[in-house]
Amino acid sequence: MMYRMTAVAKLVIANWKMHPRSVPEAVVLFEKIKNVALGLKGAKAVVCPPAVFLSELARELPKKQEKILLGAQDVFWEMEGAFTGEISPFQLSSVGVKYVIVGHSERRALGDNERTVAQKIAITLKSGFSGILCVGEKERDLEGEYFHFIESQLKSALTGIEKKDVKRLIVAYEPIWAISTTQSSRPATPADFLEMSLFIRKVLADMFGSALAKNTPVLYGGSVNDANAEMFLREGEADGLLVGGASLDAKKFGEILRMADSL
Ligand code: PGA
């Protein structure tokens, strides 16, 4: 068993996906989240808006604080070049991004594969960002095959990553069957998450050693809201949460932040 000796701030990540519709709406939502986040003591907020809003939101961000930071929902695997439509690590860094989500199931459904996810997480970590690697099975089978699936997602994405870069790795376990927009979705249980997070740490320990594995935050994502967040953090012992739908509602997301802060 690997226990952590020190309490680490809970990380609550807002994944806005392709919302909201306009800059003014994004600013209003961000301001409300920021007002709650700046009062946090034991939790941290990361807001991942569509890339087109990043520089505007960066202007709203007070300097020299880490209670609320900006993240990107994706990144390209080259630093620059002729890649129409893509966004490079240089560009994300120039607008103040500190975190990058890589391999979200919706990006995988749109074409990311094991190779591109590996390239993206490698350049993300090498460029100095905290990289949030999303893993998650489509469905669960009775034989536990899904554990092998998660293991292969981790291994294909992380083989070859240098240990010094693994220090900035965050893993988000987001079973696709639990994501709110999946048809007939249902949230996982804290026990589902806890079991999987121990397994994820075991795979990471085999790859990078137990010290790095035990310090890698493992987050839960999938239909998190203000009513169930607490049980994932408490009973599920999650290091944080990746929140989609509920992060577009400032009141609900604010509640999740306050709750994470109180633990
Ligand atoms: P959800 O999305 O919270 O709306 O289920 C989570 C995600 O896809 O990151």
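Refer to the structure printed above.
Definitions and cut-offs
- Residues numbered from 1 in each chain as written.
- Predicted model: local features only at pLDDT ≥ 70, side-chain atom pairs only at ≥ 80, totals over all residues.
- Heavy atoms only, no water.
- Helix = DSSP H or I, 4+ residues; strand = E, 2+ residues; numbered from the N terminus.
- Rg over C-alpha atoms; globule rule 2.2 N^0.38 Å.
- Buried < 20%, exposed > 50% of the residue type's maximum accessible area, 1.4 Å probe, protein only.
- Areas by Shrake-Rupley, 256 points an atom, 1.4 Å probe, with all protein chains shown as cover.
- Lys, Arg positive; Asp, Glu negative; His and termini not counted.
- Charge placed at Lys NZ, Arg CZ, Asp CG, Glu CD.
- Salt bridge = Lys/Arg side-chain N within 4 Å of Asp/Glu carboxyl O.
- Phe/Tyr/Trp six-rings, centres within 6.5 Å; stacked < 30°, edge-to-face > 60°.
- Pairing = 2+ DSSP bridges.
- Near = heavy atom within 4 Å.
- Polar contact = N/O pair within 3.5 Å; in protein donor to acceptor, adjacent residues only side chain to side chain.
- Nonpolar A, V, L, I, M, F, W, Y, C, P; charged D, E, K, R; others polar.
- Right-handed = clockwise from strand over helix to strand, strands pointing away.

**Q** Describe in detail the overall build of the chain, supporting the description with residues and values.
**A** Helices and strands together make up the secondary structure of the chain, namely eleven helices and eight strands. Taken against the 2.2 N^0.38 rule, which gives 18 Å for 263 residues, the C-alpha radius of gyration of the chain at 17 Å falls within 12% of a compact globule. Once the C-alpha set of the chain is aligned to its principal axes, its extents read approximately 50 × 45 × 40 Å. Per-residue burial for the chain yields a buried fraction of 52% across its 263 residues. For the chain, the accessible surface area stands at approximately 12700 Å², while carbon and sulfur atoms represent 54% of it. Taking the average place of the 33 positive charges on the side chains of the chain and the average place of its 32 negative ones, the gap between the two points comes to 6 Å.

**Q** Tell me about the pattern of salt bridges, and name the residues and values.
**A** Applying the stated criterion across every chain yields a total of 19 salt bridges. A salt bridge links Asp74 to Lys120, with the nearest nitrogen and oxygen atoms 3.0 Å apart. Placement of Asp74 in the loop between strand S3 (68–72) and helix H3 (89–94) and of Lys120 in helix H5 (residues 114–126) is noted, with a sequence separation of 46 residues between them. Judged by relative accessible area, Lys120 falls into the buried class, the value being 3%. Among the ionic pairs, Lys126 bridges to Glu162, the shortest N-O distance being 3.3 Å.

**Q** So what's going on with the packing of aromatic side chains? Residues and values would help.
**A** As enumerated under the stated definition, the model contains six aromatic pairs in all. Between Tyr220 and Phe232 the ring centres are 4.0 Å apart and the planes differ by 15 degrees, which places this aromatic pair in the stacked class. Within this pair, whereas Tyr220 is found in strand S7 (residues 218–221), its partner Phe232 is found in helix H10 (residues 229–234), the two being separated by twelve residues in sequence. Here Tyr220 falls in the buried class, since its relative accessible area comes to 0%. Taking relative accessible area as the criterion, Phe232 reaches 0% and is therefore assigned buried. Feature note: the residues Phe76, Trp77 and Phe83 constitute an aromatic cluster, connected by ring pairs.

**Q** Let's hear about the pairing of strand S6 (residues 169–173): which residues, and what values?
**A** Taking burial as the measure, the five residues of S6 include five buried ones, the bulk of the element. Two elements, S6 and S7, share three bridges in a ladder whose sense is parallel. Looking at S7, one finds that Val171 is bridged to Val218.

**Q** Mind laying out the site of the ligand, listing which residues take part and the relevant values?
**A** Every one of the 14 residues lining the ligand counts as a neighbour, but Lys17, His104, Glu174, Ser180 and Ser223 are closest to it. Contact distances for the ligand include 2.5 Å between an oxygen atom and a side-chain N or O atom of Ser180. Compared with its free state, where it exposes 280 Å², the ligand has 99% of that area covered by protein. Of the residues contributing to the shell around the ligand, the split by class is four nonpolar, seven polar and three charged.

**Q** With reference to specific residues and values, describe the pairing of strand S8 (residues 240–243).
**A** Neither face of S8 is open: one carries Gly240 and Leu242, the other Leu241 and Val243, and all of them are buried. Of the pairings in the sheet, the one linking strand S1 (residues 10–15) to S8 comprises four bridges and is parallel in character. Bridge assignment links Val12 to a residue of S8, and that residue is Leu241. Summarising the sheet, S7 and S8 pair through two bridges and their orientation is parallel. If you follow Tyr220 over to S8, its bridge partner there is Leu241. A crossover connection joins S7 to the parallel S8 through H10; in handedness this β-α-β unit is right-handed.

Structural measurements only, silent on function.
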